[in-house]
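Structural overview
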Amino acid sequence: MSSHGAVAEIGLIGLGTMGGNLALNIAENGFQIAVYNRTTEKTDQFITKAGDLSAKLVPSKTLADFVASIKTPRAVILMVPAGEAVDAQIEALRPLLDPQDLIIDAGNANYHDTNRRAKEADEKGPRFLGIGVSGGEEGARFGPSIMGGGANDAWGQVGHILEAISAKYEGEPCAAHLGEAGAGHLVKTVHNGIEYADMQMIAEVYGVMRDGFGMSAQEIGAVFEDWNGGILQSYLIEISSKVAKTADPESGAPMLDIILDRAGQKGTGRWTAIEALMLGTPASTIEAAVAVRNMSSRLDERKTGETAFGAAPQPMDRSLVRINALEAALVAGKIVCYAQGFDLILEAAKQYGWAMPLPKIAKIWRNGCIIRSAMLNDMSSALADDDARNLMLAPFFSAKLKETEGSLRQVVAQAALHGLPVPALSAALSYFDIMRTARSTANMLQGQRDFFGAHGFERTDKDGGGFHGPWAMG
Ligand code: 6PG
């Protein structure tokens, strides 16, 4: 038995940076929280560093004591690495918990795993909630965006705590229950796919300014700072400005000139692209962003390529693309990327029968998370008007696209002519062009399919399908 008795309102396992910060956030919001880490030294260090907040923390050295220190029905947040560690932790907890207790996986889980765990929980207990938590270390400590998935009653048990610790937008909590089982983790995955695309498009305009215009990191940082005061106001533009303006303390050179151009990834952006392909929804801007991260890791091959073909980027006369055209291109790219992301969420919702209130998702992304931006407020209004309509067609965003599409086209065209890669922006432009073209070129694909495989096609002048061309014998 725990020496404390059952005093804690909630428990948390995994005192790494994210878990530790989340526990402090919960404590600071007035909730007594039980904490446990596999290595006791980490728990001890955590309690020592917590200062005054340690009064709200209930540490335990064993899992059994940890469980005993939580009031029933218990709620236990897992903040352990996604994947097998989560399953192992659930297995270890199951014999210690009652069926009506609740396990909450707050890691970056693959939503298919969350679906499986929710099913296992229904069969064997205890209950299960999968929550996507965004906002990095600072968000976890001072207010993340929280995307919940699971049964209504499971959310009902802890929703007040999750709302209390979440970021607020004009007083409204950036935490919500979005649907059953893996719904929260699916939304977090798409959040990260959008995060990848948003970051990539910013990197692309950075490339035009750096390699095309020959601007210094400081100058580029000032441009981003300026944009952050306008329609592009967002956390990612803000930090891009700060990254660009920062100097390396060791060499004095701009940090951006010291950081190796090989991007890491933990997988959630890739899952978004995989999911889009599996569900048959076009998420080409996000897919392009994932592909570029993969290409970035091919550093040696890129060096060999440069030796073989010469470096691609060529200086560009600034009169060909104005700085405000780069800003407008980003606006257009961003609208397309979110249209793709929301479309993907809607398709998944249909497939699984999840509620997935899109306006609410846009609302809880307005603060706390990595993709928070001013535009998300307009997106939540547009989705509240009609959530089944492509976001590009909402009056506010179609007007914005009409204003900015010329700039997107000009940036993509001039970048291509000057060897400046803009794959995510180009993908956004092609999506926009295809989605506004009633007569596409897929008739050629259907002709080819029928020619080599007698797959049949529909005709423009007759109802029904299964028609064939006169080439079968040919
Ligand atoms: C967030 C982030 C976070 C993510 C990191 C790293 O919303 O707080 O999305 O969950 O893990 O940003 O992601 P990558 O390593 O895949 O870039």
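Up top is the structure.
Please read these numbers as outputs of a predicted model, since none were measured by experiment. (Residues numbered from 1 in each chain as written. Predicted model: local features only at pLDDT ≥ 70, side-chain atom pairs only at ≥ 80, totals over all residues. Heavy atoms only, no water.)

**Quick notes on the packing of aromatic side chains**
- According to the stated counting rule, one finds 10 aromatic pairs in the structure shown.
- Where Tyr 36 meets Phe 66, the ring centres are 6.0 Å apart and the plane angle is 40 degrees; that geometry is what we call tilted. Here Tyr 36, found in strand S2 (residues 33-36), pairs with Phe 66, found in helix H3 (residues 63-68); they are 30 residues apart in sequence, far enough to count as distant. In this structure, Tyr 36 and Phe 66 share a single accessibility class: buried.
- Ring centres of Tyr 111 and Tyr 352 lie 5.7 Å apart, and the angle between their planes is 85 degrees; on these two criteria the pair is classed as edge-to-face. In this pair, Tyr 111 sits in helix H5 (residues 111-124) while Tyr 352 sits in helix H15 (residues 323-352), placing the two residues 241 residues apart along the sequence.
- Relative accessible area serves as the criterion here: at 2%, Tyr 111 is assigned to the buried category.
- Ring-pair connections join several aromatic residues into one group, and the members of that group are Tyr 111, Tyr 352 and Trp 354.
- One cation-aromatic arrangement involves Arg 293 over Tyr 196; the distance from NZ or CZ to the ring centre is 3.5 Å.
- The residue whose ring lies beneath Arg 459 is Phe 467, and the NZ or CZ to ring-centre distance is 6.0 Å. (Phe/Tyr/Trp six-rings, centres within 6.5 Å; stacked < 30°, edge-to-face > 60°. Helix = DSSP H or I, 4+ residues; strand = E, 2+ residues; numbered from the N terminus. Buried < 20%, exposed > 50% of the residue type's maximum accessible area, 1.4 Å probe, protein only. Lys NZ or Arg CZ within 6 Å of the ring centre and 35° of its normal.)

**Here we look at the pattern of salt bridges**
- For the structure on display, the rule yields 26 salt bridges.
- Across the pair Glu 28 and Arg 141 runs a salt bridge, and its minimum N-O distance is 3.0 Å. Placement of the pair is Glu 28 in helix H1 (residues 17-28) and Arg 141 in helix H6 (residues 136-142), with a sequence separation of 113 residues.
- The buried category is assigned to Arg 141, whose relative accessible area is 14%.
- The salt bridge partner of Glu 238 is Lys 242, with a shortest N-O separation of 2.9 Å. Of this pair, Glu 238 and Lys 242 both sit in helix H10 (residues 235-245), four residues apart, which is roughly one turn of that helix.
- Using a relative accessible area of 28% as the deciding quantity, one classes Glu 238 as partly exposed. (Salt bridge = Lys/Arg side-chain N within 4 Å of Asp/Glu carboxyl O.)

**Notes on the packing of H15 against helix H17 (residues 375-385)**
- At their nearest, the axes of H15 and H17 sit 12 Å apart, and the two run at 45 degrees to each other. On the basis of the axis angle, H15 is oblique to H17. For the pair H15 and H17, the crossing hand works out as right-handed. Residues Val 331, Lys 334, Ile 335, Tyr 338 and Phe 342 of H15 lie in contact with H17, whose contacting residues are Met 375, Leu 376, Met 379 and Leu 383.
- Classifying every residue of the contact of H15 with H17 gives eight nonpolar, no polar and one charged. (Axes fitted to C-alpha atoms, helices over the stretch in contact; angles between N-to-C directions. Parallel < 35°, antiparallel > 145°, perpendicular 65-115°, else oblique. Left-handed = near helix turned anticlockwise from the far one by under 90°. Contact = heavy atoms within 4.5 Å. Nonpolar A, V, L, I, M, F, W, Y, C, P; charged D, E, K, R; others polar.)

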